[in-house]
Amino acid sequence: MARQGSGSAIVSSLVLLSSIAVLSLRAEATDYNVGGGDGTWRVPAANGPDYQAWASSNTYQTGDRLMFRYDRTQHSVLRVTPQAYDTCNITTPLETYDHDDAVLDVELEDAQMYYFICGVSGHCEAGQKFNVEVMKAAAAALTYSIPMIVAVISFSSYLMVL
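Attention in this report is confined to the structure presented alongside it. Predicted, not measured: the structure shown is a model, and the values here were computed from it.

A few points about the overall build of the chain
Part 1 of the reasoning: When helices and strands are counted, the chain shows 4 helices and 8 strands.
Part 2 of the reasoning: By residue count, 34% of the 162 residues in the chain fall in the buried class.
Part 3 of the reasoning: Relative to all contacts within the chain whose residues are 6 or more apart in sequence, the contacts with residues 24 or more apart total 73%.
Part 4 of the reasoning: Taken as a whole, the chain presents about 9,300 Å² of accessible surface, with 57% of it coming from carbon and sulfur.

Topic: the side chain of H123
Part 1 of the reasoning: Mapped onto the elements of the fold, H123 is located in the loop between β7 (113-117) and β8 (129-135).
Part 2 of the reasoning: In this structure H123 comes out as buried when scored by relative accessible area, which is 16%.
Part 3 of the reasoning: When neighbours within four sequence positions are excluded, H123 is seen to be in contact with V43, Q74, H75, C118 and Q128.

Describing the pattern of salt bridges
Part 1 of the reasoning: According to the stated counting rule, one finds 3 salt bridges in the structure shown.
Part 2 of the reasoning: Put simply, R65 and D31 hold a salt bridge, and the shortest N to O gap is 2.8 Å. Note that R65 is positioned in strand β3 (residues 65-69) and D31 in strand β1 (residues 31-33), a separation of 34 residues in sequence.
Part 3 of the reasoning: For R65, a relative accessible area of 27% translates into the label partly exposed.
Part 4 of the reasoning: With relative accessibility at 43%, the residue D31 sits in the partly exposed group.
Part 5 of the reasoning: Residues E95 and R79 are paired through a salt bridge, measuring 3.7 Å at the closest nitrogen-oxygen approach. Of this pair, E95 sits in strand β5 (residues 95-96) while R79 sits in strand β4 (residues 78-79); the two residues are 16 residues apart in sequence, bridging distant segments of the chain.
Part 6 of the reasoning: Of the residues examined, E95 reaches a relative accessible area of 33% and is grouped as partly exposed.

As for the sheet that holds β1
Part 1 of the reasoning: Strand order in the open sheet made by the 3 strands is β1-β3-β6, with mixed pairing throughout. Of all the strands in the sheet, the pair left with one neighbour each is β1 and β6 (103-107). Taken pair by pair, the neighbouring strands of this sheet meet at an average axis angle of 25°, ignoring direction.

Some details on the state of the cysteines
Part 1 of the reasoning: Counted by the stated rule, this structure contains 1 disulfide.
Part 2 of the reasoning: Of all cysteine sulfurs in the structure, the one in C124 sits closest to C118, which takes part in no disulfide; the separation is 8.4 Å.

A closer look at unusual backbone geometry
Part 1 of the reasoning: Positioned with a positive phi, C88 is a non-glycine residue whose angle comes to about 55°.
Part 2 of the reasoning: With respect to the helices and strands, the residue C88 is situated in the loop between α3 (82-87) and β5.
Part 3 of the reasoning: Since its relative accessible area comes to 9%, C88 is described here as buried.

Rules behind the numbers
Residues numbered from 1 in each chain as written. Predicted model: local features only at pLDDT ≥ 70, side-chain atom pairs only at ≥ 80, totals over all residues. Heavy atoms only, no water. Helix = DSSP H or I, 4+ residues; strand = E, 2+ residues; numbered from the N terminus. Buried < 20%, exposed > 50% of the residue type's maximum accessible area, 1.4 Å probe, protein only. Contact = heavy atoms within 4.5 Å. Areas by Shrake-Rupley, 256 points an atom, 1.4 Å probe, with all protein chains shown as cover. Salt bridge = Lys/Arg side-chain N within 4 Å of Asp/Glu carboxyl O. Pairing = 2+ DSSP bridges. Axes fitted to C-alpha atoms, helices over the stretch in contact; angles between N-to-C directions. Disulfide = S-S within 2.5 Å.

Here it is in structure tokens:
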């Protein structure tokens, strides 16, 4: 009986500690190089980058930033509506990003869907576009914490049997 009580205390402690550790994993914002690698924003070649596959492989939270690297004489970055994204309509963007730096960083300020396309004619149609779903910081952290808590509880249950 004494062992069960101490096992229960261990489980409670491990669950609490893992929850705190996991929730703090995403406390800071993350900078994402668009498309992975060096973040070069360009018309995709046959071997990539696949911007949507890259975007879907990440979890975004408010405060994160997208880092676009590109030659402003050859490309641009527009944030558009879902309809403009689907049809590659570059005429009425929600936002046109102008910058003088070598890297454009776009902060994902709100929990919502963001749709990005290149504003140069034909580039969006060639695949230079992607969308991201941004969650509030606490919601993004929760996606990481649930599997960790389950793993800790399972391991702790195993220890109690020993």
